[in-house]
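Topology and contacts: notes
Next come the chains, spelled out residue by residue.
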Amino acid sequence: MYEKEEVPSLSTFVSGLGLDKAAPSSEYSSNIIVKSLPILGRLHFVKDRNGILCLSFTFLYWVYGTWCGLVVVLLPHMRDKQASEPFVALYVLCSVMCICALFRAATLNPGRVPLISEKDNIDTSDWEMCDKCQRKRPKRAHHCRRCQQCVVRMDHHCPWINNCVGEENHYAFMQLLFWAFCLSWMAFWSLMLHYWYYPACTTCDKELFIFEHEKWLDYLLLASAIVMLAFMGFNLIGQNMNLIMDRTTLENMKDPHPDISTIRIRSEWSAYREMCGSGSMLFWLFPCRSRKVLRPSYFYSSPV
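Thresholds applied
- Residues numbered from 1 in each chain as written.
- Predicted model: local features only at pLDDT ≥ 70, side-chain atom pairs only at ≥ 80, totals over all residues.
- Heavy atoms only, no water.
- Helix = DSSP H or I, 4+ residues; strand = E, 2+ residues; numbered from the N terminus.
- Buried < 20%, exposed > 50% of the residue type's maximum accessible area, 1.4 Å probe, protein only.
- Contact = heavy atoms within 4.5 Å.
- Areas by Shrake-Rupley, 256 points an atom, 1.4 Å probe, with all protein chains shown as cover.
- Core = buried A, V, L, I, M, F, W, Y, C linked by side-chain atoms within 4.5 Å.
- Axes fitted to C-alpha atoms, helices over the stretch in contact; angles between N-to-C directions.
- Parallel < 35°, antiparallel > 145°, perpendicular 65-115°, else oblique.
- Left-handed = near helix turned anticlockwise from the far one by under 90°.
- Nonpolar A, V, L, I, M, F, W, Y, C, P; charged D, E, K, R; others polar.
- Phe/Tyr/Trp six-rings, centres within 6.5 Å; stacked < 30°, edge-to-face > 60°.
- pLDDT = per-residue confidence, 0-100.
- Pairing = 2+ DSSP bridges.
- Patch = residues over 30% accessible without salt bridge, like charges linked within 9 Å, V, L, I, M, F, W, Y side chains within 5 Å.
- Salt bridge = Lys/Arg side-chain N within 4 Å of Asp/Glu carboxyl O.
- Polar contact = N/O pair within 3.5 Å; in protein donor to acceptor, adjacent residues only side chain to side chain.

The helix and strand tally for the protein chain stands at eight helices and eight strands. Each of the 304 residues in the protein chain was classed as buried or not, and the buried ones make up 48%. Within the protein chain, contacts between residues separated by at least 24 positions form 65% of all contacts whose residues are at least 6 apart in sequence. A total of about 16700 Å² of accessible surface is found on the protein chain, and carbon and sulfur atoms cover 64% of it.

Counting residues in each nonpolar core, the largest one holds 53 residues, and the members touching the most others are Leu 74, Tyr 91, Cys 98, Ile 161, Leu 176 and Leu 221. Per-element tally for this core: the top contributor is helix α4 (residues 170-196), with 14 residues. Leave out the neighbours within four places in its chain, and Ile 161 touches Leu 55, Leu 102, Ala 105, Ala 106, Phe 173 and Leu 176.

In a pair of packed helices, the angle between the axes and the distance between the axes together describe the arrangement. The N-to-C vectors of helix α2 (residues 49-79) and helix α6 (residues 214-245) enclose an angle of 130°; their axes lie 10 Å apart at closest approach. Regarding the angle of α2 to α6, the classification is oblique. Of the two elements, α2 crosses α6, and the hand of that crossing is left-handed. Contact residues: Tyr 61, Tyr 64, Gly 65, Trp 67, Cys 68, Gly 69, Val 72 and Val 73 in α2; Glu 214, Leu 217, Asp 218, Leu 220, Leu 221, Ser 224, Val 227 and Met 228 in α6. A breakdown of the residues in the contact of α2 with α6 according to their chemical character gives eleven nonpolar, three polar and two charged.

Turning our eyes to something else, we now look at the packing of aromatic side chains. All chains considered together, the criterion is met by twelve aromatic pairs. Here Phe 181 and Trp 185 contribute two aromatic rings whose centre-to-centre distance is 6.5 Å and whose plane-to-plane angle is 10°, an arrangement assigned as stacked. Linking Phe 181 with Trp 185, this pair stays in helix α4, spanning four residues, or about one helical turn. On the basis of relative accessibility, which here comes to 28%, the residue Phe 181 falls in the partly exposed class. Taken together, the aromatic side chains of Phe 181, Trp 185, Phe 188 and Trp 189 make up a single cluster linked through ring pairs.

What follows is about the confidence of the model for the protein chain. Taken over all residues, the pLDDT of the protein chain has a mean of 82, while the share at 70 or more is 84%. Per-residue pLDDT stays below 50 along residues 1-26; that stretch engages in 39 contacts with residues further than four places along the chain or on separate chains. Predicted confidence is poor over residues 297-304, with pLDDT under 50, and the contacts of this stretch with residues over four places away or in other chains come to 23 contacts.

Before going further, it helps to spend a moment on the pairing of strand β2 (residues 41-46). The sheet contact formed by strand β1 (residues 32-37) and β2 spans six bridges and is antiparallel. By the bridge assignment for β2, Ile 33 is matched with Phe 45. In this antiparallel pair of consecutive strands, β1 and β2, the connection spans three residues, and Ile 39 shows a positive phi of 70°.

On to unusual backbone geometry. Positive phi, close to 65°, is recorded for Lys 81, a residue that is not glycine. Mapped onto the elements, Lys 81 comes out in the loop between α2 and α3 (85-107). Phi at Gln 148 takes a positive value of approximately 60°, unusual for a residue other than glycine. If you trace the backbone, Gln 148 turns up in the loop between β5 (142-144) and β6 (149-151).

Another aspect to go through is a nonpolar patch on the surface. On the surface, Leu 37, Ile 39, Leu 40 and Phe 103 cluster together into a nonpolar patch covering about 410 Å² of accessible area. Along the polypeptide, Leu 37 turns up in strand β1.

By the secondary structure assignment, Ser 224 is in helix α6. A polar atom in the side chain of Ser 224 sits 2.8 Å from the backbone oxygen of Leu 220.

As structure tokens, then:
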């Protein structure tokens, strides 16, 4: 059904991770690698060179923000008894949550539509046939040319996580936006305290490279924090509006001025509970939680 696509530049990387076997074509396209690992569970990986480069950049972005914010800015001030330990611990918490959310958003199945057989006892009478992959799908599903497969209630394909954002991993993507925003906010305020409040570090070895060129490292961190704050904030607002109106980014792109009668306005509580699943809202921001759906994904069969 799918033509096997050779990606020479990924062979060494994929083989090194033990992910060189593609998933069966009856379940996923040849562009999707699925690997079951202890504790981590079933991970999905998209074989896309540009996506891997973007995801690597995102990871390095996080590495620099964490390293510079802690090693260059906060830890020296904590040794001088200027920065409080709870503030540094909060920075570490935001950093850990951010990388966990990135891993989850990048490796979760976004809701790729598998082949449906009569034995599944699913009513597909009102589903439609995708003219690209020739599979039956719910009406709000969309075919992703990167993944080469339809995704249920697909919002968009995000190159920065090298994965689609769909029904099954939308909550993880929102967690990533939130924690990346928090980490950027912490980095920004750490630099403001460093510039305007904390005295000059007295225990730092000024001959070390990081302290000799501290000014430029701080400037880079400040620019990164401001850009990420604006980018994450914009996306959080946009995604929040989409959730309330029960629309996706792709639906807004196809129909930017929909008929007001077709828009279903929901309360934020019901919208986020549907996205995050059942369970206490105290754990909605915890990246390692599993999502317990309120209704099966094939429920979304009516068009917007």
